[in-house]
Amino acid sequence: MTPDVPVRADLVVVGAGPAGCVVARRAAEAGREVLLLEAGAAEASRRAGLLDVGPGSQVTVNHRAESGGATLLLPRGSTLGGSGAVNGGYCAAARPADLSGWPGGGWPRRYAVGLGRAAERLRPRLVPADPVAARLAAVFPGRVESIAQARRGGLRVTAYQAWDPAGAGVRIERGTGVRRIRWQGGRAGGRCDGVVLADGREIAAREVVLCAGAIGTAALLLDSGIGPLSGHPVGQRTEEHPEILLDLAEFPAGGGTRGGPCLATAGPVLPSLLSRVIRLDIGGAGIEVRPYSVPMDRVIPGLAPQPHRIGVALMTPSGRGEIVPDGRGGVRVVLDAHPDPADAIALGAAADLVRDSLGISAPAVPSTSQHLSGSARMGEVVDDSGRVLGVAGLRVADASVFPSLPRCGPYYSVLAVAEDLAARIAVERPW
């Protein structure tokens with residue numbers, strides 16, 4: 001933290017990812033004095049299509065997760081723009097049915113308003129279908145959905161550029177991690193009156209909003225005494241979209257490409273990794289088939305050569321995960337802590353259908369969609385304004401609050417929900 005940044009602020013927002021940028025901008029527009037803290041110090045490349053999540057990335061933090069007895073890496077953006085600066089930037093909206101049971105009522109309308117405000121800022125656009133997407137669209141006619149991209153020509157547009165919190169007068173501190181919440185009188189769960197930084201310094205605040213992502217926010221809450229023992233089921237029954245990958249070596253639409261040059265360093269223009277998805281219903285289970293345009297190593301710097309694969313994801317899982325303290329000052333992420341056998345059956349049936357339809361025989365490679373959410377759910381940890389239940393001066397406004405995971409990638413929904421919660425933060429005083 002630079003010496004001229006005050007040790008007191010009206011509103012401290014933790015995390016300059018998608019939700020944090022939205023909340024900081026809207027609160028500043030409403031007249032709040034806002035300090036936005038971001039743990040990451042490096043700036044992400046703005047090159048559209050680049051997924052800087054590989055080995056050696058300076059703008060991600062890797063969390064280890066357990067699933068099916070295997071260990072997976074969950075890279076999360078640690079930079080201005082957060083994971084939105086390193087992921088695909090796909091903008092798919094939730095359906096009203098995905099939101100109808102959310103606490104507080106009226107969420108389909110609230111979401112639509114928030115989504116409209118987000119669209120005005122981000123202005124995502126459709127991109128042409130690549131050969132793999134076009135071929136799968138021909139195989140599954142009537143099941144294709146186009147995916148809008150947050151990009152302008154060859155440049156990625158993140159929430160940091162689109163909402164421009166600095167332009168609204170927000171003070172931004174990079175390289176400033178937060179260790180825990182500060183409590184008035186030292187009593188955890190009473191009144192939050194600031195944050196304690198990773199280096200031990202403290203910032204006093206009238207209100208703190210956590211936007212550190214489903215893992216980061218859960219870790220902060222748990223480390224600050226907000227968890228199952230305080231009556232808040234933080235990190236319990238998290239949700240993720242399990243995905244399996246199928247090798248396209250036998251598929252005639254250009255599949256099977258291996259070991260070509262990394263376009264992230266060699267090509268003039270990077271392709272959109274995902275321009276279309278195929279939506280299927282198999283026995284009541286929602287399935288998303290993802291025709292990735294190129295092998296992952298072509299757009300992820302440092303990644304070893306990969307087969308060209310497509311993804312098959314379960315968008316309506318019944319199994320749940322958990323995020324719990326690991327006893328070493330961090331957290332343990334278990335994606336399938338509470339599995340439902342029906343999920344594996346549905347995903348297996350979907351993989352068989354896709355194989356048969358494409359005429360391939362590739363084995364399934366277990367993976368994950370990187371869509372973890374619900375670690376501080378509305379109705380259980382926070383109310384429908386994002387206020388931590390029974391705690392003054394503390395809110396959450398990222399994917400942690402999702403009561404259920406919509407049947408799409410969460411990026412656009414994070415922005416829509418953050419817009420709604422930001423509007424409430426602007427008019428509701430902390431005390």
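Preceding block: the structure.
Residues numbered from 1 in each chain as written. Predicted model: local features only at pLDDT ≥ 70, side-chain atom pairs only at ≥ 80, totals over all residues. Heavy atoms only, no water.

As for the overall build of the chain
Counting secondary structure elements, the chain contains 9 helices and 22 strands. Relative to the 2.2 N^0.38 estimate, which gives 22 Å for 431 residues, the radius of gyration of the chain is 21 Å and therefore close to what a compact globule would have. For the chain, the spread of C-alpha atoms along the three principal axes comes to 65 × 45 × 40 Å. Within the chain, the fraction of its 431 residues that count as buried is 56%. Counting only contacts in the chain whose residues sit at least 6 apart along the sequence, the fraction spanning at least 24 positions is 73%. Per element, the accessible surface of the chain, about 16400 Å² overall, is 53% carbon and sulfur. Charge centroids of the chain, computed over 46 positive and 41 negative side chains, lie 4 Å from each other. (Helix = DSSP H or I, 4+ residues; strand = E, 2+ residues; numbered from the N terminus. Rg over C-alpha atoms; globule rule 2.2 N^0.38 Å. Buried < 20%, exposed > 50% of the residue type's maximum accessible area, 1.4 Å probe, protein only. Contact = heavy atoms within 4.5 Å. Areas by Shrake-Rupley, 256 points an atom, 1.4 Å probe, with all protein chains shown as cover. Lys, Arg positive; Asp, Glu negative; His and termini not counted. Charge placed at Lys NZ, Arg CZ, Asp CG, Glu CD.)

Some points on the side chain of Ser272
Locating Ser272 in the fold gives a position in the loop between α7 (263-266) and β16 (276-282). Residue class for Ser272 comes out buried when judged on its relative accessible area of 12%. The contacts of Ser272, once residues within four sequence positions are left out, are Val127, Gln149, Arg151 and Ser293.

Notes on the sheet that holds strand β18 (residues 309-314)
The 6 strands are arranged β6-β16-β17-β18-β15-β21 in an open sheet whose pairing can be described as antiparallel. The strands lining the two open edges of the sheet, one partner per strand, are β6 (144-146) and β21 (364-368). In this sheet, adjacent strand axes meet at a mean angle of 30° when their direction is disregarded. Strand direction decides the pairing type here: β16 and strand β17 (residues 285-290), joined by 5 bridges, are antiparallel. Across the sheet, residue Ile278 finds its bridge partner in β17, namely Val289. Taken strand by strand, helix α4 (residues 131-139) contacts β6, β16, β17 and β18, and its axis lies near 30° from that of β16. Contacts from helix α8 (residues 341-358) reach β15 (242-247), β16, β17, β18 and β21, with the element oriented near 145° to β18. (Pairing = 2+ DSSP bridges. Axes fitted to C-alpha atoms, helices over the stretch in contact; angles between N-to-C directions.)

What about the pattern of salt bridges?
Enumeration over the complete set of coordinates arrives at 30 salt bridges. Arg201 is the salt-bridge partner of Asp199, the closest N and O atoms lying 2.6 Å from each other. Judged by its relative accessible area of 48%, Asp199 is partly exposed. Under the relative-accessibility criterion, Arg201 is labelled partly exposed at 36%. Residue Arg424 pairs with Asp420 through a salt bridge whose shortest N-O separation is 3.4 Å. Of this pair, Arg424 and Asp420 both sit in helix α9 (residues 411-427), separated by 4 residues, roughly a single helical turn. Since its relative accessible area comes to 11%, Asp420 is described here as buried. (Salt bridge = Lys/Arg side-chain N within 4 Å of Asp/Glu carboxyl O.)

Some words on helix α6 (residues 213-223)
Every buried residue of α6 is accounted for by Ala214, Ile215, Thr217, Ala218, Leu220, Leu221 and Leu222. At the C-terminal side of α6, Gly225 shows a positive phi close to 90°.

Section: the packing of helix α3 (residues 107-122) against α9
Axis separation between α3 and α9 bottoms out at 7 Å; the angle between their running directions is 105°. One element, α3, and the other, α9, form an angle in the roughly perpendicular class. Between α3 and α9, the contacting residues are Trp107, Arg110, Tyr111, Gly114, Leu115, Arg117, Ala118, Ala119 and Leu122 on the first element and Tyr411, Tyr412, Ser413, Leu415, Ala416, Val417, Glu419, Asp420, Leu421 and Arg424 on the second. (Parallel < 35°, antiparallel > 145°, perpendicular 65-115°, else oblique.)

As for the nonpolar core
Residues Val12, Leu122, Val195, Val208, Leu210, Leu394 and Leu415 are the most contacted members of the largest nonpolar core, which totals 98 residues. The element best represented in this core is α9, accounting for 10 residues. In this view, Val195 contacts Val12, Val14, Leu37, Val178, Arg180, Arg182, Arg201, Glu202, Ile203 and Val208; residues no more than four positions away in its chain are not counted. One finds Val132, Leu136, Ile287 and Val289 within the second-largest nonpolar core, a separate group that totals 21 residues. (Core = buried A, V, L, I, M, F, W, Y, C linked by side-chain atoms within 4.5 Å.)

Some words on the sheet that holds strand β14 (residues 236-238)
Within a sheet, each strand pairs with its neighbour through backbone hydrogen bonds, oriented either parallel or antiparallel. Read from one edge to the other, the open sheet built from 5 strands follows the order β4-β3-β20-β19-β14, with strand pairing classed as mixed. The strands lining the two open edges of the sheet, one partner per strand, are β4 (70-77) and β14. Taken over all neighbouring pairs, the strand axes of this sheet differ in orientation by 35° on average, direction set aside. Bridge analysis of β14 against strand β19 (residues 320-325) gives 2 bridges, and the strand direction is antiparallel. Bridge pairing in β19 places Thr238 opposite Gly321. Sheet contacts for α6: β3 (60-67), β4, β19 and β20 (331-338); angle to β19, the most-contacted strand, approximately 45°.

Here we look at α4
Spacing of three or four residues puts side chains on the same side of an α-helix, whose turn is 3.6 residues. Within α4, burial applies to Val132, Ala133 and Leu136. Taken end-on, α4 shows its buried residues confined to a sector of 95°, consistent with a single buried face. Opposite its buried face, α4 presents the exposed residues Pro131 and Ala138, each directed more than 90 degrees away. Contacts from the buried residues of α4 go to β16, β17, β18 and α8. (Arc of directions from axis to C-beta.)

Quick word on the pairing of strand β1 (residues 8-14)
Within β1, 6 of the 7 residues are buried, which leaves it mostly tucked inside the rest of the structure. Examined bridge by bridge, β1 and strand β13 (residues 202-210) share 6 bridges and lie parallel to one another. When the bridges of β13 are listed, Arg8 appears paired with Ala204. For β1 and strand β2 (residues 34-37), the ladder comprises 4 bridges, and the chain directions are parallel. Bridge pairing in β2 places Val14 opposite Leu37. This β-α-β element, β1 to helix α1 (residues 18-29) to β2, shows right-handed connectivity. (Right-handed = clockwise from strand over helix to strand, strands pointing away.)

Treat this as a map of the structure, not an account of what it does.
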